Amino acid sequence: ESILESLDFGLMAIDANDRVLFCNRLFIDQWKIPPDMAERGDNREFMAHALGQMRTNQEFMARRQQLLASGVGEFNHLSELKDGRYFEHSNKLF
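Please set out the environment of Ala 62 residue by residue, giving values where relevant.
If you trace the backbone, Ala 62 turns up in helix 5 (residues 58-70). In the structure, Ala 62 is positioned 19 residues away from Leu 81 in sequence and 17 Å away in space, judged by C-alpha atoms.

The following block contains the structure:
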């Protein structure tokens, strides 16, 4: 866990039931996730919180849905946030 916390990028892993298995502190800080939400570990709640911060989220959600429907693969996406920040996402299914 200390190795994952030392990464210079935000990282989150979820299971097939959309439960957060792990997210490092940088991920929580980047997405401004409140502590109580982080403790609950519900990815649906995380997604709603993140989507609310994105300037446009339709393309990201469409690509995410395609990935989940296929059951395998990956995609990368650059999101612009309403506060002017940009995040590059790397989404992979294992």
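Summarise helix 5; cite the residues concerned and give the values.
The terminal C-alpha atoms of helix 5, which comprises 13 residues, lie 18 Å apart, in line with the 18 Å expected from a rise of 1.5 Å per residue. By the burial criterion, the buried members of helix 5 are Phe 60, Arg 64 and Leu 67. Buried residues along helix 5 cover an arc of 60° about the axis, so they all sit on one side. Opposite the packed face of helix 5, turned more than 90 degrees from it, sit the exposed residues Gln 58, Glu 59, Gln 66 and Ala 69. Gly 71, located one to two residues past helix 5, shows a positive phi value of around 80°.

Scoring rules and cut-offs
- Residues numbered from 1 in each chain as written.
- Predicted model: local features only at pLDDT ≥ 70, side-chain atom pairs only at ≥ 80, totals over all residues.
- Heavy atoms only, no water.
- Helix = DSSP H or I, 4+ residues; strand = E, 2+ residues; numbered from the N terminus.
- Expected span 1.5 Å × (residues − 1).
- Buried < 20%, exposed > 50% of the residue type's maximum accessible area, 1.4 Å probe, protein only.
- Arc of directions from axis to C-beta.

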